[in-house]
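A look at the structure
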Amino acid sequence: MTDFLVIVALAALGAALAGLLAAPAVRVLRRRSVALSLFAVAALAVAAMAAGTVAVAQAMFLSGHDLGVVMAVVAVSGVVSLAAALLFGRRIAAGSRELARSARTVGSEGGFVAPAEPPTAELAALSRALEETSGQLAEARERERALDASRRELIAGISHDLRTPLAGLRAMAEALEDGVAEDTARYHARMRIEVDRLAAMVDDLFELSRIQAGALALTLSRVSVYDLVGEALAGAGPLARASGVRLVDGGVVPLPVRVDAQQITRVLGNLLVNAIRATPADGTVAVSARHEEGRVVLAVEDGCGGIPPEDLPRVFDTGWRGGAARTPRADGMGGAGLGLAIVRGIVAAHEGRATVRNTGAGCRFEVELPAAEAPAAPPAA
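Position numbers for residues start from 1 in each chain and track the written sequence from start to end. Side-chain atom pairs in this predicted model are given and counted only at pLDDT of 80 or more, local residue features only at pLDDT of at least 70, and totals for whole chains, interfaces and linings cover all residues. Only heavy atoms go into the side-chain values, all of them from the structure, while hydrogens and water stay out.

**Some thoughts on the sheet that holds strand E4 (residues 284–292)**
Counted only if it meets this: Think of it this way: DSSP has to see at least two bridges between two strands before they count as a pair. What counts as a helix is a DSSP run of H or I of at least four residues, what counts as a strand is a run of E of at least two, and both are numbered from the N terminus. Where helices are involved, their axes are fitted lines through C-alpha atoms of the stretch in contact, as for all axes, and angles between N-to-C directions lie from 0 to 180°.
Read across the open sheet, the five strands follow the order E2-E4-E5-E7-E6; overall the sheet is mixed. The open sheet is flanked by strand E2 (246–252) and strand E6 (353–358), the only strands paired with a single partner. On average, each strand axis in the sheet is tilted by 15 degrees relative to the strand beside it, whichever way the strands run. Where E2 and E4 come together, five bridges link them in parallel fashion. Paired with aspartate 249 across the bridge in E4 is valine 287.

**Topic: helix H5 (residues 184–212)**
To keep it simple, the criterion reads: For a helix, the expected span equals 1.5 Å multiplied by the residue count minus one. Here's how the labels work: a residue is buried when its accessible area is under 20% of the maximum for its type, exposed when over 50%, partly exposed in between, all with a 1.4 Å probe on protein chains only. Throughout, a contact is declared for two residues whenever any of their heavy atoms are within 4.5 Å.
Taking 1.5 Å as the rise per residue, H5 with 29 residues should run 42 Å; its terminal C-alpha atoms sit 42 Å apart, in good agreement. Those residues of H5 that sit buried are Met191, Glu194, Arg197, Leu198, Met201, Glu207, Leu208 and Ile211. For H5, the elements touching its buried residues are helix H4 (121–178), helix H7 (261–278) and helix H8 (339–349).

**Quick look at the packing of aromatic side chains**
Where we set the bar: Two rings from Phe, Tyr or Trp (for Trp, the six-membered ring) form a pair when their centres are within 6.5 Å of each other. A pair whose planes differ by under 30 degrees is stacked, one over 60 is edge-to-face, and the rest are tilted.
Using the criterion set out here, one finds one aromatic pair in the structure. Between the aromatic rings of phenylalanine 316 and phenylalanine 365, the centroid separation amounts to 5.9 Å while the plane-to-plane angle is 85 degrees, which identifies the pairing as edge-to-face. Linking phenylalanine 316 in the loop between strand E5 (295–301) and H8 with phenylalanine 365 in strand E7 (residues 363–370), this pair joins segments that are 49 residues apart in sequence. Across the pair, exposure class does not vary: phenylalanine 316 and phenylalanine 365 are buried alike.

**Topic: unusual backbone geometry**
Unusually for a residue other than glycine, glutamate 293 sits at a positive phi of about 50 degrees. By the element assignment, glutamate 293 lies in the loop between E4 and E5. Assessed through its relative accessible area of 78%, glutamate 293 is described here as exposed. Located in the positive-phi region is glutamate 351, a residue other than glycine, with phi close to 60 degrees. Tracing the chain through its elements places glutamate 351 in the loop between H8 and E6.

**With respect to the nonpolar core**
Defined as follows: We define a nonpolar core as any set of buried Ala, Val, Leu, Ile, Met, Phe, Trp, Tyr and Cys residues linked to one another through side-chain atoms lying within 4.5 Å.
Ranked by size, the top nonpolar core spans 48 residues in total, and within it Val225, Leu271, Leu298, Phe316 and Phe365 carry the most contacts. Once residues lying within four places of it in the same chain are set aside, the contact partners of phenylalanine 316 are Leu340, Ala341, Val343, Arg344, Ala354, Thr355, Val356 and Phe365.

**Quick look at the environment of methionine 49**
Structurally, methionine 49 can be placed in helix H2 (residues 34–59). Residue methionine 49 is classed as partly exposed on the basis of its relative accessible area, which comes to 39%. A C-alpha to C-alpha distance of 9.3 Å links methionine 49 and alanine 12, two positions 37 residues apart in sequence. Sequence-distant contacts of methionine 49, that is, excluding residues within four places in its chain, are made with Val74 and Ser77.

**Observations concerning the pattern of salt bridges**
Opposite charge on two side chains lets them pair, provided their charged atoms get close. Basically, it comes down to this: By convention in these notes, a salt bridge is any Lys or Arg side-chain nitrogen within 4 Å of a carboxyl oxygen on Asp or Glu.
Taken as a whole, this structure holds 14 salt bridges when the rule is applied. A salt bridge links arginine 197 to glutamate 194, with the shortest nitrogen-to-oxygen separation between them at 3.4 Å. Of the two residues, arginine 197 and glutamate 194 are both situated in helix H5; the distance of three residues between them amounts to about one turn of the helix. As far as the burial class goes, arginine 197 and glutamate 194 line up, both buried. With a shortest N-O distance of 2.7 Å, arginine 266 and aspartate 204 are connected by a salt bridge. Of this pair, arginine 266 sits in helix H7 while aspartate 204 sits in helix H5, and the two are 62 residues apart along the sequence. On the basis of relative accessible area, aspartate 204 is assigned to the partly exposed category, the value being 22%. When salt bridges that share partners are traced, they join Arg290, Glu292, Glu301, Arg357, Arg364 and Glu366 into one network.

**A look at the pairing of E6**
Pairing geometry for E6 and E7, over six bridges, is antiparallel. In the sheet register, arginine 357 faces E7, and the bridge partner there is arginine 364.

**Here we look at the confidence of the model for the protein**
Detailed reading of predicted coordinates is not advised where the pLDDT is low. In plain terms, the rule: Residue-level confidence of the predictor is summarised by pLDDT, bounded by 0 at the bottom and 100 at the top.
The predicted model of the protein has a mean per-residue pLDDT of 78, with 80% of residues at 70 or higher. The least confident element of the protein, judged by mean pLDDT, is helix H1 (residues 2–28) at 65; the most confident is E6 at 92. Low pLDDT, under 50, characterises residues 324–334; the stretch is placed with 25 contacts to residues that sit more than four places away or in other chains.

**Considerations on the side chain of asparagine 270**
Condition: We define a polar contact as two N or O atoms separated by no more than 3.5 Å, with the added condition that, inside protein, one atom must be a possible hydrogen donor and the other a possible acceptor, whereas residues neighbouring each other in sequence contribute only through side-chain atom pairs.
Along the chain, asparagine 270 turns up in helix H7. In this structure the side chain of asparagine 270 is engaged in a polar contact, spanning 3.4 Å, whose partner is the backbone oxygen of glycine 339. With residues near it in sequence (within four places) discarded, asparagine 270 still touches Gly339, Ile342 and Val343.

Laid out in structure tokens, this is it:
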């Protein structure tokens, strides 16, 4: 047992001495190629093994022949180990260089193309992470392009919508100033209508800016869907009568929801106004509410004739106006393309979802809201 401990101590001493001598070289190579670093680590291991073996062989007083055999075995093992380390290191270095070249394509139009066979699990994980990052950057770029296009459409639409009432106000003001207006009361009434239109546009822009900035403050309360729909129908009734459109009950269940009543009334009002403007005279607009898997679904179905399938994903984008079936009408009742964007923003603030799909005679807008929890039962007497 004592001889065994002596052998272990001699081997450890020789290996430690070799490690101390090679440690500075490993430190110098820490920022060099991974292939060179692996070769240095393998060389350190071989040197430590050889030093321990030689120290033990000398202590055991081996014969010259036996010592030569031990040294030959150590030498061959060291050469094979160093060659394997060099080859493996060069393979890892080549994989790293290939991954570095591929990483330069992250964020490009073509996207990141991962190397075929990364040599290590770490490089494969890094390749997958770069691929995911490239996909996220591509999605962000597409969203930025869509947002930029939406912003340009919004500016163009608002400019057009502002120009019309402003031109009318200027003409009417000049007519009143020059005294050529025969019916001044009618001019004043028309001017008031145009001012109301301008004020509504400004209010929509302000509301949309608050939504996009995340500054929309909600005052939540428990209300009935029946009351919300009733208020929205009352507000849209005059416009429906003036447009010759009938508002019908598509089945409104008095379900409780916990929402900001004013904001959800505005959501329904925007959907109803949008549906009435898009529905031809003698058409109908149906409003319904139902319970579905813990959600309350409010729906407004119009008779616009449908939206082209390629436009459905853009319906709730800022500034979207749609095709001929949903463009602003010649009587000035068209909007600035903000109403549906406001709908989506308000519904999202309530942790809900707004969707649209085509139906037989038109399209159906649905708003999903979380259902209110049932009130706790009073304690037993």
